[in-house]
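Inside the fold
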Number of protein chains: 4
Amino acid sequence: MPQIPADVTVSVHHVRVGYVDTDQGCVVHHGTYFRYLEHARVELLRERGVDYKHFERDNQLGLPVVDANIRYHQSARFDDLLEIKTWIAVANRAKVRFDSLIFREGTLLTHAQISLACTRLPEGRICSVPTVILDLADASLRGKRS
Amino acid sequence: MPQIPADVTVSVHHVRVGYVDTDQGCVVHHGTYFRYLEHARVELLRERGVDYKHFERDNQLGLPVVDANIRYHQSARFDDLLEIKTWIAVANRAKVRFDSLIFREGTLLTHAQISLACTRLPEGRICSVPTVILDLADASLRGKRS
Amino acid sequence: MPQIPADVTVSVHHVRVGYVDTDQGCVVHHGTYFRYLEHARVELLRERGVDYKHFERDNQLGLPVVDANIRYHQSARFDDLLEIKTWIAVANRAKVRFDSLIFREGTLLTHAQISLACTRLPEGRICSVPTVILDLADASLRGKRS
Amino acid sequence: MPQIPADVTVSVHHVRVGYVDTDQGCVVHHGTYFRYLEHARVELLRERGVDYKHFERDNQLGLPVVDANIRYHQSARFDDLLEIKTWIAVANRAKVRFDSLIFREGTLLTHAQISLACTRLPEGRICSVPTVILDLADASLRGKRS
């Protein structure tokens, strides 16, 4: 089972599974989790002082997803109240990786690693991840900045 | 049963229902149809000479939905090949209404009326529907322009 | 402006607009609201004693949407905290209609009327709306049951 | 750049990017690609003799996604006509992995590896991938069955 590193700060958020999130297999569709994980990242940023709406507008910078790895251990179902634990696992000028574990009543359902790069809007050219984002990462990670 | 008016030009498009489009009720989720209908409108515009991507970019105008009425007579299911018949039912400076009937093998499933207004981007202020859009409507409708 | 009838019980729920909910017009896509409205209906039912997950499973009954009317007065945007006020406007053996007004900081954005019928699962044949659902409606509406 | 192995059979499908598929970053939302990839898998199966709708219904078996790795090299945009090249990269009793490259006019946008397991419906217990699915894989892969 994936472990949360000892030296990171974990943010915890909850989402309620909607009917629309399911498919005819009677479980949450695999693509739906990206909405849950995005919500968790936006709320983690808010808690740590970055309002993503203002970040994007004021800096004309975006943080698009460049890489996603997700493992579905067990299925979520309609009306489940999911707990999402998220932390920053990698943070450097090239990318920021958010890792998440999704639980239902203590049972691990999903393990995700989502990497974001930084782009200049509106053209979308890659640029360095700004300091305001890197400063959100834990000191242990900041030491690993490239 | 809703009828297609005699004096309109009907565009016909097809969509294949995806697994993700279903919900645990084993039918297409009611919100999914808006993606199908949007696809039909974009293709109708393309057939009649308006590439919506260029329209938006070149004119800095948008055509947001301002009103939607949709009646679900029967359910669509996974892997159905749907036929969408679409026509312009109303066209004037204030709005353009696209009506659609969705069929599966000749059986009517859905009847939709989707009205669009025109807005200036990026702020989104309402403006007049431009002539290039009004000219797409049938002569009978163009006579009813306000 | 649409008014909430004087004699109904209004349920209030909140949703936070996600990034995925927007489109390149920089507003919430018109189809996204159906997810918000469905969430509001499920929560209204829960507050009034019906857990929809159990309702569906225990009775092998579904409540599919058969008719939707929605008017988009103003656009919601990323990260808006929306307030959804929902009440039961019609309740009889044939259908239950949930009406909703969606606000952002007191400004009306959207007005929706969503009608549900009752079907026997899994085939989806229409049946009478059961008493447990009708009993959720206000006394004034229950008097109008057909 | 990821390469297509020499000894696999590649299926090619096309999808047109819809307006709803975009987000306010003016590119296709990262979660949307899972719908495109699912469509490609269903069509690959159909081409090779397995109608997934019937497979699921007749065998009471599902093929849920258990692992997804996706790398976003460049962004897709509204109205792009995407080419999806898909092949079976791994096929054994435990899982089937579908790999896809998504192109726009010859430019690689996305590289995805999606692994499916087999489950017995409706409870969702894991079972062996049936022969009818394994037989779709190339002979070179079938030799690697565990």
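Below: a short report on this structure. (Residues numbered from 1 in each chain as written. Chains lettered and ligands numbered in written order. Predicted model: local features only at pLDDT ≥ 70, side-chain atom pairs only at ≥ 80, totals over all residues. Heavy atoms only, no water.)

Further remarks concern the relation of the copies chain D and chain A. For these two chains of identical sequence, chain D goes onto chain A by a turn of 180° and a shift of 0.0 Å along the axis, with RMSD 0.0 Å. Expressed as a symmetry operation, the mapping of one chain copy onto the other fits a two-fold axis. Considering only C-alpha atoms, the residue of chain D closest to the rotation axis is D:Asn69, which sits at 2.2 Å. Looking at chain D, 100% of its interface residues are interface residues in chain A too, so the copies touch through the same face. (Least-squares fit on C-alpha atoms with pLDDT ≥ 70 in both. Contact = heavy atoms within 4.5 Å.)

What follows is about the relation of the copies chain B and chain D. Laying chain B over chain D is done by rotating through 180° and shifting 0.0 Å along the axis; what remains is an RMSD of 0.0 Å. Take the interface residues of chain B: 100% of them recur as interface residues in chain D, which is what a same-surface contact looks like.

Take the interface of chain D and chain A next. Listed per partner, the contact involves 19 residues of chain D and 19 residues of chain A. Note on chain D versus chain A: buried area summed over both sides is about 1700 Å², and carbon and sulfur give 46% of it. A per-residue breakdown of the area chain D buries against chain A is headed by D:His30, D:Phe34 and D:Tyr72, which together make up 28% of the total. Summed over the shared surface of chain D and chain A, the result is 2 salt bridges. A:Arg71 is the partner of D:Asp67 in a salt bridge, and the nearest nitrogen-oxygen pair spans 3.7 Å. Secondary-structure elements contributing two or more residues to the side of chain D that touches chain A are helix H1 (33-47) and strand E3 (65-72) of chain D. For the side of chain D that touches chain A, the element with the highest residue contribution is E3(D), accounting for 8 residues. Classifying every residue of the side of chain D that touches chain A by side-chain character gives 7 nonpolar, 5 polar and 7 charged. (Buried area = accessible area lost by both parts, 1.4 Å probe. Salt bridge = Lys/Arg side-chain N within 4 Å of Asp/Glu carboxyl O. Helix = DSSP H or I, 4+ residues; strand = E, 2+ residues; numbered from the N terminus. Nonpolar A, V, L, I, M, F, W, Y, C, P; charged D, E, K, R; others polar.)

A word on the interface of chain B and chain D. On the side of chain D, 16 residues touch chain B, which itself brings 16 residues to the contact. Seen at the junction of chain B and chain D, the total is 2 salt bridges. Taking the shortest distance from any N to any O, the salt bridge between B:Arg46 and D:Asp79 comes out at 2.9 Å. Across the contact surface, chain B and chain D share 6 residue pairs in polar contact (both at pLDDT 80 or more). Of all the elements in the fold, those that place two or more residues in the side of chain B that touches chain D are helix H1 (33-47) and helix H2 (52-59) of chain B. Top element by residues in the side of chain B that touches chain D is H1(B). It accounts for 5 residues. (Polar contact = N/O pair within 3.5 Å; in protein donor to acceptor, adjacent residues only side chain to side chain.)

Over the atoms, a rolling probe the size of a water molecule traces out where space has been left empty. Counted by the stated rule, this structure contains 1 cavity of 30 Å³ or more. Lining of the largest cavity is provided by 31 residues; of these, A:Arg35, B:Arg35, C:Val20, C:Arg35 and D:Arg35 occupy positions nearest its centre. Those elements that provide at least two residues to the lining of the largest cavity are helix H1 (33-47) of chain A, H1 of chain B together with helix H1 (33-47) of chain C. (1 Å grid on protein atoms, 1.4 Å probe; cavity = no way out; pocket = protein on both sides within 12 Å on 5 of 7 lines; lining within 4 Å. Points joined across faces, edges and corners; volume = space filled by probe spheres on them.)

A few words now on the state of the cysteines. All names here are of chain A. The tally for this structure, following the rule as stated, stands at 0 disulfides over all chains. With no disulfide of its own, Cys 118 lies 3.8 Å from the sulfur of Cys 127, the closest cysteine sulfur. Overall, Cys 118 belongs to the buried group, its relative accessible area being 0%. (Disulfide = S-S within 2.5 Å. Buried < 20%, exposed > 50% of the residue type's maximum accessible area, 1.4 Å probe, protein only.)

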